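Chain by chain, the residues:
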Amino acid sequence: MTLVHGFGYNSSNQGKRLPKGFVGLQLDLYTVASTFLEANMTIRSWARLTFAAAFFLLLASGSASAQFSASLSGTVLDPTQAVVPGATVVLTNDATHATQTVVSGDSGSYQFNSLPPGSYSVVVTAKGFQQTTVSNIAVAAETPRSLNLTVQQGAETQTVTVNGDFVPVLQTADASIGTTINSAEIQRLPAIGANPYELLRTAPGITGDAARAGNGNANFLPNGAGPGGSSSGIYQTENQTQISADGQRVTDNNYTIDGVSVNSLSHGGSAVVTPNTEALGSLTVVSTSYDAADGRNSGAQIKAITKSGTNDLHGSLFFLYDEPGLNSYNKWGGPTNGPRLRVSNKQRTYAASIGGPIVKDKLFLFSSYQGFGQGNNGTALGWVETSQYRSLVQSTRPSSVSAQILAAPGILPRATGVINRGCLDYSANQGMYPGQTVSTGLWCQSVSGGIDIGSPTAGGSSQVGIYPAFTRPTGKASPEEVGGGLDGVPDLQYVSLSIPGHSRGNQFNGRVDYALNANNLIAGSVYFTKLDSYGSANVNSRQMGDNAFKPLNSAGTLIFIHTFSPSFVNELRGNFTRFYDNGIKDGGNVVNFGIPEVHTEGLPVNQIQFGLPQGVGSFFAQNTYEIRETMSKTLGSHSLHFGVELRREQDNDNTVASHVRPVYSFRGLWNIANGTPIFEGIVANPNTGGPPTIANHLRSEYYAGFVQEDWKATPQLTINAGLRWELFTPLRNKDFQMNYPVLGGPGRELVDIRLTPHDRFWNT
């Protein structure tokens, strides 16, 4: 259950009450504070975005028009359904009052391209017919709409006004399967973490069942792989919403904002930037049968469009309060004879937006901000080592690495209470012969403060590096070594653990639309998303095993469209998308990367783990540059769209910090005491034994060209045909060649395998 409350006011909608269930506050003036940008955006990041924006401006110098790929087409008909050629059709955007004019061709057809989503009005005039006005025509984002216009015979000075059904019952302009979720629906429908991509499951052809667990956490679908679904809302670094389009893999989905890619370079089907609900004007999902203008991935085409400013000043405030105490328990699920599950997230989400004219009918501004705080502190039950065990190892093996680790800051588990459990609970008959348990006193005895499962072998520091002898009765298998034997000192205890987890996020969005003149308009939008996440990666919830994650994601888009004539429009879009994180810097002074991962195996209970897990602490800087140009030409009843896409991808990853830290696995506590692991692993340079050179500066390009024809064969029949060509260049490393395995001859494939340096992973 989530408590929300809101009321509203809009300068263009005075006196109208908002419908029940509306979340937010609309008002005339609001200034969004964005001081977080000063703290989290470096000058270098700003410089990159500024350079990218200037680059796109130079490319597109000369012309522009609004931003989008939606269209409105149809046929002008008389009352007998005969076509009316030569009719003048004027289209007006109800929000910005921008107009376009075309003349119907010999077949009576008309076409408007590159339309932003919204409500429109059409005025039709023709010799011998009354002027006809059709109002409330809804145009969805990135979606074609077909609308036939019927004019009545009579004096041209007479006017007929009709309502153009605000939401069409059926989209008939093409054969695609999908839907558009508008701004009102985005704000009113419930979504986990105020993440609009959660609403993708409502689209036809989309399946997302079981993508959320009963406790509110994200689940993988059976064909999912990668970062998984978002548990941090719009602040998820690589937001991979678990949906399948007509049975295709989650990794096949494609994400765009304002018409250009925001896909992750590492994980398919993941968005680097997720717009907040106040910034999102509409969300179009096409599950199949999309036209040739869409490509790159074969799954769902997910198209987010940023809100624009209009001639009316409008704004909003939003607050969401989510408390575990307000949530009901799931009737099913949860551990056997254990507590039932419910969503345990504690979340506060707040957002604001403001939009309006800077120069009426010419220059418009829109901006939004969303922040959130989430606490999902959890609890767990498990076995941990006792303070007596830590003190014993430090006193008997003072010079060992294990003693140094056990004395390091942050070693203590976050135990909130000790639960009385004995040897029977410790063994649970795991690894025993039938009827044989550790309750016999051979390997375990219950003592005050926990259980005694042995002691260090005699000899003190001289035992460092020596494997303890097995202690087992004849013919029986011991579940674990007991070292020097039972000594009456507790070594393990069963406790309740507190597992910290909190996230803080901020996202800022801005957009400008500028109508240079009737034929040229420029639009640009930016997104900055900063996440500050903190939680324990250690199974025993130790501060030394806590992991901080503070990525910065950003995207900037610039769009120009020039109208050469009512039948010929050229559209140019460019963007820059970036994902950046420095895992070492994120840890600050809290995480000690000098401590290796140390854990036990073979115990009849959970692992005992020290240090941060291996694999944490990497550097990522992924950049995507994209330019896309599309031209639209209307030839009578034929509408042609053709264009090209150019994308350059830079995947700069350095995982050396997460791999040069070794991992040591020990069989039980007394192997740890003696510093005798049964497994150790590290990534090293085989030539020197030192840290490897695994900093990759991978590069790749993507090129595509397409042509799409939509032929309005009759007023009731549209035929769509398209062709798309795509080229994916292979990954290559900018700095050095990479080893590529070459198998040996028949029968000696592995014996004679060799590594040869290559500058790329595969052929184009």
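Within any chain, residue numbers begin from 1 and follow the written order of that chain's sequence. The predicted origin of the model limits local features to residues at a pLDDT of at least 70 and limits the giving and counting of side-chain atom pairs to 80 or more, whereas totals for whole chains, interfaces and linings rest on all residues. Neither water nor hydrogens contribute to the side-chain values; these are computed over all heavy atoms in the structure.

Topic: the state of the cysteines
The disulfide criterion used throughout: a pair of cysteine sulfur atoms within 2.5 Å. Tallied over the entire structure, the rule returns one disulfide. Two residues, C423 and C444, share a disulfide whose sulfurs are 2.0 Å apart. Its torsion about the S-S bond being -85°, the disulfide of C423 and C444 is classed as left-handed. One end of the pair, C423, is in helix α6 (residues 423-427); the other, C444, is in the loop between α6 and β23 (445-447), and 21 residues separate them in sequence. Judged by its relative accessible area of 5%, C423 falls in the buried class. Only protein chains enter the accessibility calculation, which uses a 1.4 Å probe. A residue is then buried if its area is under 20% of the maximum for its type, exposed if over 50%, and partly exposed in between. Here C444 falls in the buried class, since its relative accessible area comes to 2%. By definition, any uninterrupted DSSP run of H or I lasting at least four residues is a helix, any uninterrupted run of E lasting at least two residues is a strand, and each is numbered from the N terminus.

Description of the confidence of the model for the protein chain
The quantity called pLDDT is the predictor's confidence in a given residue, expressed from 0 to 100. Of all residues in the protein chain, 83% have pLDDT values of 70 or greater, and the mean over the chain is 80. Across the protein chain, element-level confidence peaks in helix α4 (residues 387-396) with a mean pLDDT of 95 and bottoms out in helix α1 (residues 36-40) with 33. Segment residues 1-67 is flagged for pLDDT under 50; beyond a separation of four residues in sequence, or across chains, it makes 130 contacts in the model. Contacts: residue pairs with any heavy atoms within 4.5 Å of one another. Note that pLDDT drops below 50 for residues 429-439; the model gives that stretch 24 contacts with residues more than four away or on any other chain.

Thoughts on the sheet that holds strand β31 (residues 597-601)
Strands sit in the order β32-β31-β35-β36 across an open sheet of four strands; the sheet is mixed. This sheet does not close on itself; its edge strands, each paired only once, are β32 (609-610) and β36 (679-681). Pairing of β31 with strand β35 (residues 663-667) involves five bridges; the strand directions are parallel. Within β35, the residue paired with E597 across the bridge is V663. A pair of strands is labelled paired if DSSP reports no fewer than 2 bridges between them.

Some remarks on the packing of aromatic side chains
Aromatic pairing here means that ring centres of Phe, Tyr or Trp (its six-membered ring) are within 6.5 Å. Orientation follows from the plane angle: under 30 degrees is stacked, over 60 is edge-to-face, and everything else is tilted. As enumerated under the stated definition, the model contains eleven aromatic pairs in all. For the pair F564 and F568, a centre-to-centre distance of 5.0 Å together with 20° between the ring planes defines the contact as stacked. For the pair Y580 and F619, a centre-to-centre distance of 5.5 Å together with 80° between the ring planes defines the contact as edge-to-face. On the criterion of sequence distance, the pair formed by Y580 in strand β30 (residues 568-582) and F619 in strand β33 (residues 619-635) is long-range, its members being 39 residues apart. The class of Y580 is partly exposed, set by a relative accessible area of 28%. The exposure class of F619 is partly exposed, given its relative accessible area of 27%.

What to know about a nonpolar patch on the surface
The residues that make up patches have over 30% relative accessible area and no salt bridge, and they are joined within 9 Å when like-charged or within 5 Å when they are Val, Leu, Ile, Met, Phe, Trp or Tyr. Only the protein chains shown count as cover for residues, and all accessible areas are computed by the Shrake-Rupley method using a 1.4 Å probe. When a carboxyl oxygen of Asp or Glu is within 4 Å of a side-chain nitrogen of Lys or Arg, the pair counts as a salt bridge. Residues I358, V359, L365, V512, Y514 and L516 make up a contiguous nonpolar surface patch of about 450 Å² in total accessible area. Contributing elements (two or more residues each) for the nonpolar patch: β19 (346-359) and β26 (501-517). The element that contributes the greatest number of residues to the nonpolar patch is β26, accounting for three residues. Tracing the sequence through the fold places V512 in strand β26.

Here's the deal with the pairing of strand β6 (residues 118-125)
Here strand β3 (residues 88-93) runs beside β6; their pairing, made up of six bridges, is antiparallel. Bridging across to β6, L91 finds its partner in V122. Here β6 hands over to strand β7 (residues 131-139) after five residues, with G128 in that stretch at a positive phi of 90°.

Notes on the sheet that holds strand β11 (residues 177-182)
Here we have five strands laid out as an open sheet, ordered β11-β16-β17-β14-β15, and mixed in their pairing. With one partner strand each, in any of the chains shown, β11 and β15 (260-261) form the two edges of the open sheet. Two elements, β11 and strand β16 (residues 280-288), share six bridges in a ladder whose sense is antiparallel. Counterpart to T180 in the pairing with β16 is T284.

Here we look at α4
Buried within α4 we find Y389, R390 and V393. The arc that holds every buried residue of α4, seen down its axis, measures 100°, which confines them to one face. In this structure, the buried side of α4 is in contact with β21 (378-385), α5 (401-406) and α9 (669-674). Taking the helix axis as origin, the arc is that swept by the directions to the C-beta atoms.

Side note on the side chain of T529
Tracing the sequence through the fold places T529 in strand β27 (residues 520-536). Here a polar contact is taken to be a pair of N or O atoms separated by no more than 3.5 Å, where protein atoms must pair a possible hydrogen donor with a possible acceptor and residues adjacent in sequence count only if both atoms sit in side chains. Polar side-chain contacts of T529 include one of 2.9 Å to the side chain of Q507. What T529 contacts, discounting residues up to four positions off in sequence, is I234, Y235, N506, Q507, P551, L552 and N553.

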